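# Residue-level structural notes
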Amino acid sequence: MDLLAEYRRATMYFETGDPSGAARLLEPIVAAEPDNASVRQLLARAYFQSAQLARAEEQLRALVERDPSDHYAHHVLGRTLERVGRPTEALRHLRIAAAMYAANDDYRTAVQRVQTRVGGRR
């Protein structure tokens, strides 16, 4: 299997709105190259976009474990946890991402949204 060609194909699937198709192509690539953060990140995003949230969480946790300074992985992990109804856990990762990359408006907005939700539960 030509992993680079498959990655490019998966990227095209993802970019044209077929995240499930992208995930099917990316799964064997991640299995073959588990330390390739770019491929794992795209797989996590494909899972997130296709509402395979447990799988997205698994990939994102692997990314954060390997590189705790990956602000984007923290952000998407937070968004994933938010979508599955675990806002307290989500807030931790969203805050980390926002602290690492304070200039990102999406990160700040996500923190505020989830912070309001968590605060409303008290």
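Residues numbered from 1 in each chain as written. Predicted model: local features only at pLDDT ≥ 70, side-chain atom pairs only at ≥ 80, totals over all residues. Heavy atoms only, no water.

### Here's the deal with the pattern of salt bridges
Scanning the model with the defined rule gives 10 salt bridges in all. Between Asp-35 and Arg-66 there is a salt bridge, and its shortest N-O distance comes to 3.3 Å. Taken as a pair, Asp-35 in the loop between α2 (19–32) and α3 (37–49) and Arg-66 in helix α4 (residues 53–66) lie far apart in primary sequence, 31 residues in all. Assessed through its relative accessible area of 45%, Arg-66 is described here as partly exposed. Residues joined in a network through salt bridges with shared partners are Glu-57, Arg-61, Arg-86 and Glu-89. (Salt bridge = Lys/Arg side-chain N within 4 Å of Asp/Glu carboxyl O. Helix = DSSP H or I, 4+ residues; strand = E, 2+ residues; numbered from the N terminus. Buried < 20%, exposed > 50% of the residue type's maximum accessible area, 1.4 Å probe, protein only.)

### Some words on the packing of aromatic side chains
By the definition in use, this model includes one aromatic pair. A ring pair is formed by Tyr-101 and Tyr-107, whose centres lie 5.9 Å apart and whose planes are at 80°; its orientation type is edge-to-face. When its relative accessible area of 38% is taken as the criterion, Tyr-101 is described as partly exposed. One residue, Arg-83, lies across the ring of Phe-48, its end atom 4.6 Å from the ring centre. (Phe/Tyr/Trp six-rings, centres within 6.5 Å; stacked < 30°, edge-to-face > 60°. Lys NZ or Arg CZ within 6 Å of the ring centre and 35° of its normal.)

### Describing the nonpolar core
Ranked by size, the top nonpolar core spans 34 residues in total, and within it Ala-22, Leu-26, Leu-43, Leu-60, Leu-94 and Val-114 carry the most contacts. Among the elements of the structure, α1 (3–15), α2, α3, α4, α5 (71–83), α6 (87–100) and α7 (105–120) are those that each provide at least two residues to this core. Examining the composition of this core, we find that seven residues originate from one element, α3, more than from any other. In this structure, Leu-94 is in contact with His-74, His-75, Gly-78, Arg-79, Ala-110, Val-111 and Val-114, ignoring residues within four places of it in sequence. (Core = buried A, V, L, I, M, F, W, Y, C linked by side-chain atoms within 4.5 Å. Contact = heavy atoms within 4.5 Å.)

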